[in-house]
Amino acid sequence: MLTIEDYSALRRAIADISGDISSDAVGTNVARLDEIFAPDTHAAALDPHTPIVLGSRGAGKSFWSGVLGQYDTRTAAAEAYPRLGLSKVDVQFGYTGIGGPKGISSDAIDAELSEHCTLNEAKTFWWATILSAAARSNGDITSKPAGLMSIAENLHKREEALINHDLRLQANGKTLLVVYDALDTVARNWPRRRLLTDALLEVVWALRAYSFIRPKLFLRPDQMEDDSLRFVELPKLRTGAVKLRWTKTDLYGLLFSRLSLTSDLDAKNAFSELLQDVGLKPDDRSAILSRRWSLVSNATDQKKTMAVIAGPYMGQGRSAYKKGNTYDWPFTHLSDAFSEVTPRSFLGMMIAAAKHDSPPETQVLSAEGIRHGLREASKTRVDQLHLEFPWIKGVLAPLAGILLPLDEHEIFKAWKEARTLDLLFEDAEKHHYIPPFPSEEHRDEIQLFLALERIGVMFKRKDGRLDMPDLFRVAAKLLKKGALTPIS
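The shown structure was predicted, so the numbers you read here are calculated from the model rather than taken from an experiment. (Residues numbered from 1 in each chain as written. Predicted model: local features only at pLDDT ≥ 70, side-chain atom pairs only at ≥ 80, totals over all residues. Heavy atoms only, no water.)

Participant: Got a minute to help me understand the layout of surface pockets in this structure?
Facilitator: If a probe as big as a water molecule is rolled over the atoms, it shows which places are left empty. Of the volumes computed, that of the second largest pocket is approximately 580 Å³. Taken together, 26 residues make up the lining of the second largest pocket; nearest its centre are Asp-34, Glu-35, Arg-258, Leu-261 and Thr-262. Sorting the residues of the lining of the second largest pocket by element identifies α1 (4-15), α4 (71-80), α12 (248-260) and α14 (285-289) as the ones contributing at least two each. Across the lining of the second largest pocket, the residue classes tally to 13 nonpolar, five polar and eight charged. (1 Å grid on protein atoms, 1.4 Å probe; cavity = no way out; pocket = protein on both sides within 12 Å on 5 of 7 lines; lining within 4 Å. Points joined across faces, edges and corners; volume = space filled by probe spheres on them. Helix = DSSP H or I, 4+ residues; strand = E, 2+ residues; numbered from the N terminus. Nonpolar A, V, L, I, M, F, W, Y, C, P; charged D, E, K, R; others polar.)

Set out below in structure tokens:
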């Protein structure tokens, strides 16, 4: 039987989970071995034969880029996904958004390509990144694209170099995987970003000619789905793209694996006792990594465990079930308009819930703590989204206090009265970021809603009214009848 001290130890272990789980592909903030959790649904994303991987902010694009780019973490990924052949892959980076010994930033692009560069010049740069990655895989660890531009722009020299690298890799039984991450940072305006994206996709398509040199692009969905991209084979690349998704069982598997592997011995023992009470047992890192542990993939076992941690329902008394159960409620209320939840939001909610005051002595988390966790997760999610889309807070602010769902004309009226578009353009010009309008010709409130819809922040109901998921609504201080009240 669990004691009051056991519940307290488990609460402490959840509260001590690192809330900052953002990663870079290279540098000091790369994925660590003890952070790896490998959902079955992510196998296709790491497959060397998958060139395009889509994911919103916080879904794990840079995390998996960093895992692939390091020998020890790549070895762990090979154990998690043995059918992918990752032990025979050499990984080099084509773009990372930040510089350094292994990285390539937008400054490197700007140094080689003028503001008014052509598509062919852009393709030359991306070919140079492939040549540089191939050279680094052959021992030239200081190779950079700038030194290979002349070869990259000459078709015959480029093909000769790549054929030689391809033959070398074949002889060594290796495949070179050239990884591109943080591709939303390649430019600060729509025309240049679109040009560079088009050029890179053409190079990716052309690399099909080489058997042992393969690209892997980690992209935001809105960048890949830009209707103004002109590459003729884009529909085929879109069809073959894989999206990084986290299911409910994936997210609970992540949480329970952190508890099972915690370095807090009191919490580790308490979790073992909790599992014993529900007829389960803990397991080691290898079993968790290879998904042999039931709490990684079995929803029934997860639900039983969560009922002990937080009680079965989000309410009290005879009608407690009407408030929802504690297993489903977090996923439902953390979902964006695409019904997707990121691990950042999920763990953020649980961490905040564990830190909430006065939980029951015989529970790890309380229903009120979980609701508090949603408020904190909402604030964090909007803050994180602001880093990716600097216009987001200025667009949401005029909607504070509005009762959703609401007719679109009322939403548009609030934006017009606040001069939202004018202020957005002024701020974008002042701070040099890309506004949310891909087309110069269409810049109105309708297009602003469509921009929010594209990133999952707003959606249109079947009756035509506009609505917003709780994940964003709570922090943006919009109201909704019967729903969680916003942050005060």
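Participant: Would you explain the side chain of Asp-470 in this entry?
Facilitator: Inspection of the secondary structure puts Asp-470 in helix α24 (residues 470-476). Here the side chain of Asp-470 touches His-333 through a polar contact of 2.8 Å, side chain to side chain. (Polar contact = N/O pair within 3.5 Å; in protein donor to acceptor, adjacent residues only side chain to side chain.)

Participant: Mind showing me how you'd approach the pairing of strand β3 (residues 175-180) here?
Facilitator: Along any regular strand, the residues point their side chains to alternate faces of the sheet. A large share of β3 lies buried, amounting to six of its six residues. Every second residue of β3 is oriented toward a common face, with Thr-175, Leu-177 and Val-179 on one face and Leu-176, Val-178 and Tyr-180 on the other, all of them buried. Judged from the six bridges that link them, strand β2 (residues 89-95) and β3 form a sheet pairing that is parallel. Bridge assignment links Val-91 to a residue of β3, and that residue is Leu-177. Relative to strand β4 (residues 213-219), β3 is paired through five bridges, and the arrangement is parallel. Pairing of Val-178 across the sheet is with Pro-215, part of β4. (Buried < 20%, exposed > 50% of the residue type's maximum accessible area, 1.4 Å probe, protein only. Pairing = 2+ DSSP bridges.)

Participant: Whenever I open this one, the sheet that holds strand β5 (residues 242-243) confuses me. Can you help?
Facilitator: Backbone-to-backbone hydrogen bonds pair the strands of a sheet. The strands run either parallel or antiparallel. With parallel pairing, the five strands of this open sheet are ordered in space as β2-β3-β4-β1-β5. Only two strands of the sheet have a single partner each, and these edge strands are β2 and β5. Docked against the sheet, helix α3 (residues 61-69) engages β2, β3 and β4, running at close to 150° with respect to β4. The strands that helix α6 (residues 119-137) touches are β2, β3 and β4; relative to β2, the one it contacts most, it runs at about 145°. (Contact = heavy atoms within 4.5 Å. Axes fitted to C-alpha atoms, helices over the stretch in contact; angles between N-to-C directions.)

Participant: I'm lost on helix α22 (residues 420-431) in this one. Help?
Facilitator: Note: α-helices contain 3.6 residues per turn, so residues at a spacing of three or four share the same orientation. Over its twelve residues, α22 runs 16 Å from end to end, which matches the ideal 16 Å to within 8%, given 1.5 Å per residue. Thr-420, Leu-421, Leu-424 and Ala-428 are the residues of α22 that are buried. Viewed along the axis of α22, the buried residues span an arc of 90°, placing them on a single side of the element. Residues of α22 that are exposed and point over 90 degrees away from its buried face: Glu-429 and Lys-430. The inward-facing, buried residues of α22 contact α20 (392-396), α21 (408-417) and α23 (445-454). His-432, located one to two residues past α22, shows a positive phi value of around 60°. (Expected span 1.5 Å × (residues − 1). Arc of directions from axis to C-beta.)

Participant: Explain helix α8 (residues 155-171) here, please?
Facilitator: Its 17 residues give α8 an end-to-end C-alpha distance of 24 Å, which sits within 8% of 24 Å, the value for a rise of 1.5 Å per residue. Taken residue by residue, α8 has Arg-158, Leu-162, His-165, Asp-166, Arg-168 and Leu-169 as its buried positions. All buried residues of α8 lie within an arc of 165° about the axis, which places them on one face of the element. Seen from the open side of α8, the exposed residues pointing more than 90 degrees away from its buried face are His-156, Glu-160 and Ala-171. Close packing links the buried residues of α8 with α6, α7 (149-153), β3 and β4. Capping of α8 at its N-terminal end is provided by Asn-154; its side-chain oxygen lies 3.1 Å from the backbone amide nitrogen of His-156. Once α8 finishes, Gly-173 follows within two positions and takes phi at roughly 65°, a positive value.

Participant: Even after reading the chapter, I still don't get the environment of Leu-162, so can you show me in this structure?
Facilitator: Assignment of secondary structure puts Leu-162 in helix α8. A relative accessible area of 0% means that Leu-162 is categorised as buried. Each C-alpha atom of the pair Leu-162 and Ala-209 lies 9.9 Å from the other, and the pair is 47 residues apart in sequence. If near-sequence neighbours (up to four positions away) are discounted, Leu-162 is found in contact with Trp-127, Ile-130, Leu-131, Tyr-210 and Ile-213.

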